[in-house]
Amino acid sequence: MTKKQILDALKTGGIVPVIRADSAGTAVRVSEALLAGGIRTLEITMTVPDALSAMRTVAQRLGDDVLLGAGTVTDAQMASAALDAGARFLVSPCVVDDVIRLARERDVPVLPGALTPTEVFHAHRLGGDIIKIFPASAVGGPAYIKALKGPFPSIDFCPTGGVNLETIGEFIKSGSVAVGVGGELVLKGAIQTGDFGRITELAHRYTAAVADARR
């Protein structure tokens, strides 16, 4: 896939689940559960133990059925290793110049994290393709995204933090091209009990919520 195709697919899907787990095997099972629920874009964070192994397994097992990204990427070496393991886009919790530079060199999308208008503009100017607004809920949620779109109408936003079934529609309507969803979708309790069907069920509900908001 080209960079443009990856970005288009990411925006079309509209949901970027943030997969945090205590093992690579669990991250793979969560990925399969999300795909079964209709979510094809996946973000496996580098905080997962042996995250690169999880990415390789997902890339090999699920192939083109998913759009695999690496999250919590905080340096260029980490970014390069994730791309070599099968990730197609990179996500950072903050603005990391080296990660953005590496993404541009490898011609892959990068979603740097930012919060203030200055950080948003800096991340965009460096080459961030979609700016991850984190933590969105701490600064006003959908209203904050709408406020940012005023001075930055051409910048694409992906808010993360505080996105759930009650707020996702408003985040989409505020102008977000996608949203990042963590523990409200990738339920820690469901993972601990092995109830991956619960995650699949929630994935269906989240995709339906995005479709409703876009209508």
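Scroll up for the structure.
Described in the following lines is the structure provided in the data block. Computed from a predicted structure; not experimentally measured.

## Comments concerning the pattern of salt bridges
A side chain of one charge can pair with a side chain of the opposite charge if their charged atoms are brought near each other. Tallying each qualifying case throughout the model produces nine salt bridges. With a closest N to O distance of 3.1 Å, Glu32 and Arg61 form a salt bridge. In this pair, Glu32 is assigned in helix H2 (residues 24–36) and Arg61 in helix H3 (residues 51–62), connecting sequence segments 29 residues apart. A relative accessible area of 29% places Glu32 in the partly exposed class. Between Arg106 and Asp84 there is a salt bridge, with the nearest N and O atoms lying 3.0 Å from each other. Taken together, the residues span a long stretch of sequence, with Arg106 in helix H5 (residues 97–106) and Asp84 in helix H4 (residues 76–84) at a distance of 22 residues. Arg106 gets classed as partly exposed once you look at its relative accessible area, which sits at 34%. Owing to a relative accessible area of 58%, Asp84 belongs among the exposed residues under this scheme.

## Focus: H2
If you check H2, its first and last C-alpha atoms are 19 Å apart, about what 13 residues at 1.5 Å a residue would give, namely 18 Å. Of the residues making up H2, those classed as buried are Ala24, Thr26, Ala27, Val28, Val30, Ser31, Ala33 and Leu34. Contacts from the buried residues of H2 go to strand E1 (15–19), strand E2 (41–45), H3, helix H9 (188–193) and helix H10 (196–214). Immediately beyond the C-terminal end of H2, within one or two residues, lies Gly38, with a positive phi of roughly 95 degrees.

## Details of unusual backbone geometry
In this structure, the amide linkage connecting Phe134 to the following residue, Pro135, adopts the cis form with an omega of -5 degrees. Relative to the helices and strands, Pro135 is located in the loop between strand E7 (131–133) and helix H7 (142–149). One non-glycine residue with positive phi stands out, namely Thr72, at about 55 degrees. Mapped onto the elements, Thr72 comes out in the loop between strand E3 (67–71) and H4. Although it is not a glycine, Asp107 sits at a positive phi angle of roughly 60 degrees.

Quick notes on the rules
Residues numbered from 1 in each chain as written. Predicted model: local features only at pLDDT ≥ 70, side-chain atom pairs only at ≥ 80, totals over all residues. Heavy atoms only, no water. Salt bridge = Lys/Arg side-chain N within 4 Å of Asp/Glu carboxyl O. Helix = DSSP H or I, 4+ residues; strand = E, 2+ residues; numbered from the N terminus. Buried < 20%, exposed > 50% of the residue type's maximum accessible area, 1.4 Å probe, protein only. Expected span 1.5 Å × (residues − 1). Contact = heavy atoms within 4.5 Å.

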